[in-house]
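Here is what each chain is made of, one letter per residue.
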Amino acid sequence: MPTAETTVQACPECEGQVGVESEVRAGEIVECPECAAELEVVGVAPVLLALAPEADEDWGE
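Residues numbered from 1 in each chain as written. Predicted model: local features only at pLDDT ≥ 70, side-chain atom pairs only at ≥ 80, totals over all residues. Heavy atoms only, no water.

Taken in spatial order, the 3 strands of this open sheet run β3-β4-β5, and their pairing is antiparallel. Two strands close off the open sheet at either side, each with one partner strand: β3 (29–31) and β5 (47–51). With direction set aside, neighbouring strand axes in the sheet form an average angle of 45°. The pairing of β3 with strand β4 (residues 38–44) spans 3 bridges and is antiparallel. Looking at the pairing, Ile29 lines up with Glu40 of β4. (Pairing = 2+ DSSP bridges. Helix = DSSP H or I, 4+ residues; strand = E, 2+ residues; numbered from the N terminus. Axes fitted to C-alpha atoms, helices over the stretch in contact; angles between N-to-C directions.)

Right under this line is the structure:
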């Protein structure tokens, strides 16, 4: 059974190293192990990470 390869990218928040599997898809959320920032995969060839947008509160509206 083949295993997925992992690439290492820099966290846009703290510049820490974030391991991302090669089978990741655009739009997935990964977490930085150093600063716990939620990061969105915005590109897959090559893998590009950006800070994930914060969920807006709807406050029952």
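Once the structure has been displayed, the description carries forward.
What follows concerns the pairing of strand β2 (residues 17–21). With burial as the criterion, only one face of β2 is covered, namely that bearing Val18 and Val20; the residues Gln17, Gly19 and Glu21 on the opposite face remain uncovered. The sheet contact formed by strand β1 (residues 6–10) and β2 spans 5 bridges and is antiparallel. Bridge pairing in β2 places Val8 opposite Gly19. What sits between β1 and β2 in their antiparallel hairpin is a turn of 6 residues, with Glu15 showing a positive phi close to 70°. (Buried < 20%, exposed > 50% of the residue type's maximum accessible area, 1.4 Å probe, protein only.)

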